[in-house]
Amino acid sequence: MGKKRLTRILVLLFCLVLCIGSILARNIRPFAQEQAEPMQADLEWLEEIRKIMSEGTSPYMAIPWSEQKPCEQYPYADWDGGTYVSSGQKIGEEKTGEYLGSAIAYGRESLDALSQTKNIRYIRHEKKAELYRIHEISERFAVAVRLEGEQKYYVYAREDYVPETLGDFVEDSNLKEYLEISVEFECGNNPEETYRGDIADALWDILLSQKEVKSQKKPHHSVFVSDEEVGDIVFSAAILYELTRWGHITFYVSEHGYIGINGPLLNPEYIFPVGENAAEEFLEYIYANCKKIEEK
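None of these values were measured; they are calculated from a predicted model. (Residues numbered from 1 in each chain as written. Predicted model: local features only at pLDDT ≥ 70, side-chain atom pairs only at ≥ 80, totals over all residues. Heavy atoms only, no water.)

### Some words on the environment of L100
Now for step 1: By the element assignment, L100 lies in strand β3 (residues 96-110).
Now for step 2: Judged by its relative accessible area of 19%, L100 is buried.
Now for step 3: Expressed as a C-alpha distance, the spacing of L100 and Y132, which sit 32 residues apart in the sequence, is 5.1 Å.
Now for step 4: Beyond its immediate stretch of four places on either side in the chain, L100 contacts W79, L131, Y132, R133, E139 and V143. (Helix = DSSP H or I, 4+ residues; strand = E, 2+ residues; numbered from the N terminus. Buried < 20%, exposed > 50% of the residue type's maximum accessible area, 1.4 Å probe, protein only. Contact = heavy atoms within 4.5 Å.)

### Remarks on the packing of aromatic side chains
Now for step 1: In total, this model carries 12 aromatic pairs according to the counting rule given.
Now for step 2: Taken together, the ring pairs in this structure connect F141, Y161, F169, Y270 and F272 into an aromatic cluster.
Now for step 3: The ring of Y106 has R124 sitting right over it, with the charged end atom 4.2 Å from the ring centre. (Phe/Tyr/Trp six-rings, centres within 6.5 Å; stacked < 30°, edge-to-face > 60°. Lys NZ or Arg CZ within 6 Å of the ring centre and 35° of its normal.)

### Some points on the pairing of β3
Two faces belong to every sheet, and in a regular strand the side chains alternate between them.
Now for step 1: Pairing geometry for strand β1 (residues 76-79) and β3, over two bridges, is antiparallel. Its bridge partner lying in β3, A77 is registered against A105.
Now for step 2: Inspection of the sheet shows β3 paired to strand β4 (residues 122-134) by 12 bridges, in the antiparallel sense. Within β4, the residue paired with T96 across the bridge is I134. (Pairing = 2+ DSSP bridges.)

### Comments concerning a negative patch on the surface
Now for step 1: A cluster of like negative charges, contributed by D232, E255, E276, E280, E281 and E284, occupies part of the molecular surface.
Now for step 2: Along the polypeptide, E281 turns up in helix α8 (residues 276-289).
Now for step 3: Given the relative accessible area of 44%, E281 is considered partly exposed. (Patch = residues over 30% accessible without salt bridge, like charges linked within 9 Å, V, L, I, M, F, W, Y side chains within 5 Å. Areas by Shrake-Rupley, 256 points an atom, 1.4 Å probe, with all protein chains shown as cover. Salt bridge = Lys/Arg side-chain N within 4 Å of Asp/Glu carboxyl O. Lys, Arg positive; Asp, Glu negative; His and termini not counted. Charge placed at Lys NZ, Arg CZ, Asp CG, Glu CD.)

### Topic: the pattern of salt bridges
Now for step 1: This model, assessed by the stated rule, comprises seven salt bridges.
Now for step 2: In this structure, E126 engages R124 in a salt bridge whose closest nitrogen and oxygen atoms are separated by 2.9 Å.
Now for step 3: Across the salt bridge formed by R146 and E130, the nearest N and O atoms sit 2.8 Å from each other. With R146 in strand β5 (residues 142-147) and E130 in strand β4, the pair connects residues that are 16 residues apart, well separated along the chain.
Now for step 4: The class of R146 is partly exposed, set by a relative accessible area of 22%.
Now for step 5: On the accessibility criterion, E130 (29% relative accessible area) is partly exposed.
Now for step 6: Counted as one network, the salt bridges with shared partners bring together E98, R133 and E139.

Keep in mind that these numbers describe shape and distance, not what the molecule does.
The structure is reproduced here in structure tokens:
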């Protein structure tokens, strides 16, 4: 076999490995009805996959249909020209508003859960669903979904949501009401530097007040800026946000003045250029007003 042909084969194999890896790493992705891919309901599913792989079993084995929660069995609903994806989070009826309409929620059950082949067969399942507005949340961002036969409401976020500005994101997601700043966070170029303090006012006054800055995201989650332009992360925190299953979103500030926030699906990440001056002012506030936690 010639060297060039061998090289091409190796490159193809490498690309195949990357493809499989991207499928396993992805949290939730809408799928086409005719072109089935392994469904991944949430991060718990990914943990199950990692466990399966460590045991030497097929990485394509999904959680059995009967063991999935309703919002995992039917994680997708098409409405108003877009696809809404379950965040896995329940929401109380008292936080739901007007009825928006009905839709068909859908998901897929694997017929080859124990198969050692990646050519898995699926059955598509559908269920009627009612969509409701979430209190002071834009339906462009997320809605409450009640599946037929269920009393619970679940948060479904619009998969292709991309805000035009930081102000749009703050308003559409109603951060003021649903956000609760955690007291511990990492700060500085050393990722092991952890601080504790009240940063809520600084976060709102210095960073989130810049409502006119444009989002650096395009539809379907591609990014306008490179990692080099964003620079190193100098602040990161897990911020409590009850519309996610895990109860928080990740917020960061970069050395070149970008802030990054993720939404109810934990992916995508929304990036906004607030400026290096704002980033420096925010860090100065932390160093002056927050306490560094010493390692024991």
